[in-house]
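# Descriptive structure summary
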Number of protein chains: 2
Amino acid sequence: MLTINDASKRTNLPVKTIRYYDEVGLVSATGRTPAGYRLYDDRSCQKLGFVQRARQFNFSIEECRELLSLYEDHGRPSRDVKKITLSKLALLQKQLDDLTTLTLELQTLANQCTGDDRPDCPILNAFSAGPIDAEP
Amino acid sequence: MLTINDASKRTNLPVKTIRYYDEVGLVSATGRTPAGYRLYDDRSCQKLGFVQRARQFNFSIEECRELLSLYEDHGRPSRDVKKITLSKLALLQKQLDDLTTLTLELQTLANQCTGDDRPDCPILNAFSAGPIDAEP
DNA sequence: GGTTGACCCTCCTGTTACTGGAGGCTTTAT
DNA sequence: ATAAAGCCTCCAGTAACAGGAGGGTCAACC
């Protein structure tokens, strides 16, 4: 049985975060010492690690909860997991597209800006006028 | 002078958002009617539009405040604006890289998953094990 | 003149996923 | 014996709004 600090070291999750996951019932502590200290076993640590990686993939806490229950349920069909994953993937793709467009436009503006002492600035001009045409 | 609703239509910002910008002092209402209704003139609408576009570029409210004050200050050097823009650009680039990696990895996992009735699922396996090697 | 319906206001709560801190035990090391 | 580190709970705050309650206002229509 590990203290919350040990679990933190093993999973690379901050202590505060582990406590939070316990609080919201995502990954509950295995037990408590008589003094009330949280205890975690290997299984709990594994789940914490699972959540950590899923979070890195931009899965929300609620989605993690769902994935975790599928993970816990030994007989679940992989179809269910794949479905969640694919819809998340579509979302990521959209974010990616938006971010790419945005970066390109901003890059264009920065390139056009002389960045000197003169007050004329294409960036501010663009912001005050309207949408930007990116030039290649 | 426009009501908040008219300003909303002109700028495509929700009424709630415009009120919020007033509340936090980002773009204050030009005045009020005797009944307490917010009023906006062309200049305010222009500022609202400015903020809207800057927000689309992922500038935070505080950054917008900064840009807006540069925008207001007629004599500011374009260097200042460019500096802010470039650091924002670097941040965007990093987000983009992370998101790209993430998407690729998740894609790899989804491809490996049969998505049928069987419980074996590479996605869950990967999450429970550790980092993923994306295959081309 | 009354009434509907569309606006407007303020204030409060909730969202996401934590993070920081106060105040106060417990355990471990010296 | 004491100091440091670690643990606990509870409270507040973060970003940028969105939703809704409760209530005032304005223009039009009958």
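Computed from a prediction, not measured in an experiment: that's the story for all the values here. (Residues numbered from 1 in each chain as written. Chains lettered and ligands numbered in written order. Predicted model: local features only at pLDDT ≥ 70, side-chain atom pairs only at ≥ 80, totals over all residues. Heavy atoms only, no water.)

## Remarks on the overall build of chain A
Along its length, chain A carries 6 helices and 2 strands. Of the regular secondary structure in chain A, the N- to C-terminal order runs α-α-β-β-α-α-α-α. In terms of overall dimensions, chain A has C-alpha extents of about 70 × 40 × 20 Å along its principal axes. Looking at chain A as a whole, 46% of its 136 residues qualify as buried. The contacts in chain A between residues at least 6 apart in sequence include a share of 43% that link residues at least 24 apart. Here chain A has roughly 7,400 Å² of accessible surface; of this, 50% comes from carbon and sulfur atoms. With 18 positive and 19 negative side-chain charges, chain A shows a separation of 12 Å between the mean positions of the two kinds. (Helix = DSSP H or I, 4+ residues; strand = E, 2+ residues; numbered from the N terminus. Buried < 20%, exposed > 50% of the residue type's maximum accessible area, 1.4 Å probe, protein only. Contact = heavy atoms within 4.5 Å. Areas by Shrake-Rupley, 256 points an atom, 1.4 Å probe, with all protein chains shown as cover. Lys, Arg positive; Asp, Glu negative; His and termini not counted. Charge placed at Lys NZ, Arg CZ, Asp CG, Glu CD.)

## Section: the protein's contact with DNA strand D
Residues in close proximity to DNA strand D total 17 residues, the closest being R19, Y37 and R38 of chain A together with K16 and Y21 of chain B. For DNA strand D, the backbone portion of the atoms within 4 Å of the protein, that is sugar and phosphate, comes to 70%. One nitrogen or oxygen atom from the main chain of R38 of chain A is found 2.7 Å from a phosphate oxygen belonging to DNA strand D. Y37 of chain B places a polar side-chain atom, nitrogen or oxygen, 2.8 Å from a base nitrogen of DNA strand D. Looking at the surface near DNA strand D, the element that brings in the most residues is helix α2 (residues 15–23) of chain B, giving 4 residues. Taken together, the residues of the surface near DNA strand D break down into 7 nonpolar, 5 polar and 5 charged. (Near = heavy atom within 4 Å. Polar contact = N/O pair within 3.5 Å; in protein donor to acceptor, adjacent residues only side chain to side chain. Nonpolar A, V, L, I, M, F, W, Y, C, P; charged D, E, K, R; others polar.)

## Things to note about the protein's contact with DNA strand C
Every one of the 18 residues lining DNA strand C counts as a neighbour, but K16, T17 and Y21 of chain A together with R19 and R38 of chain B are closest to it. One of the side-chain N or O atoms of Y21 of chain A is found 2.8 Å from a phosphate oxygen in DNA strand C. I61 of chain A places a polar main-chain atom, nitrogen or oxygen, 3.4 Å from a phosphate oxygen of DNA strand C. Among the secondary structure elements, those contributing two or more residues to the surface near DNA strand C are α2 (15–23) of chain A together with α1 (4–11) of chain B. Examining the composition of the surface near DNA strand C, we find that 4 residues originate from one element, α2 of chain A, more than from any other.

## Here we look at the packing of aromatic side chains
According to the stated counting rule, one finds 4 aromatic pairs over all chains in the structure shown. Here the aromatic rings of Y20 of chain A and Y21 of chain A are separated by 6.1 Å at their centres, their planes lie at 50 degrees, and the arrangement is tilted. A relative accessible area of 39% places Y20 of chain A in the partly exposed class. For Y21 of chain A, a relative accessible area of 6% gives the class buried. Over the ring of F59 of chain B we find K88 of chain B, and its NZ or CZ is 5.5 Å from the ring centre. (Phe/Tyr/Trp six-rings, centres within 6.5 Å; stacked < 30°, edge-to-face > 60°. Lys NZ or Arg CZ within 6 Å of the ring centre and 35° of its normal.)

## Here's the deal with the relation of the copies chain B and chain A
Mapping chain B onto chain A calls for a rotation angle of 180 degrees and an axial translation of 0.0 Å; the resulting RMSD is 0.1 Å. In symmetry terms, the pair is related by a two-fold rotation axis. Taking C-alpha positions as the reference, the residue of chain B nearest the rotation axis is L96 of chain B, at 3.3 Å. (Least-squares fit on C-alpha atoms with pLDDT ≥ 70 in both.)

## Regarding the nonpolar core
One broad trend across soluble globular proteins is that nonpolar side chains are buried collectively. Residues F59, L67 and F127 of chain A together with F59, L67 and F127 of chain B are the most contacted members of the largest nonpolar core, which totals 78 residues. Non-local contacts of F127 of chain A, meaning those with residues more than four positions away in its chain, are made with L106 and L109 of chain A together with G49, F50, R53, A54, F57, F59 and L67 of chain B. (Core = buried A, V, L, I, M, F, W, Y, C linked by side-chain atoms within 4.5 Å.)

## Some words on the domain arrangement of chain A
Residue and element names in this part refer to chain A. Under the domain assignment, chain A is made up of domain 1 (4–76) and domain 2 (79–129). Using only C-alpha atoms to locate each centre, domain 1 and domain 2 end up separated by 34 Å. In this assembly, domain 1 packs against domain 2 so that about 640 Å² is buried in total across both faces, 72% of it on carbon and sulfur atoms. Taken together, the connections running from domain 1 to domain 2 amount to 1 salt bridge. For K88, the salt bridge goes to E63, with nearest N and O atoms at 3.1 Å. Between the two partners, domain 1 and domain 2, sit 2 residue pairs in polar contact (both at pLDDT 80 or more). Looking at the side of domain 1 that touches domain 2, its residues break down into 4 nonpolar, 1 polar and 2 charged. (Domains from an automatic or database assignment. Buried area = accessible area lost by both parts, 1.4 Å probe. Salt bridge = Lys/Arg side-chain N within 4 Å of Asp/Glu carboxyl O.)

## Considering the interface of chain B and chain A
Taken residue by residue, the interface counts 54 residues in chain B and 54 residues in chain A. Taken over both partners, the interface formed by chain B and chain A buries close to 4,500 Å², and the fraction arising from carbon and sulfur atoms is 69%. When the buried area of chain B at its contact with chain A is split by residue, F57, L124 and F127 of chain B rank highest and sum to 16% of it. Seen at the junction of chain B and chain A, the total is 2 salt bridges. The residue R79 of chain A makes a salt bridge to D117 of chain B at a minimum N-O spacing of 2.1 Å.

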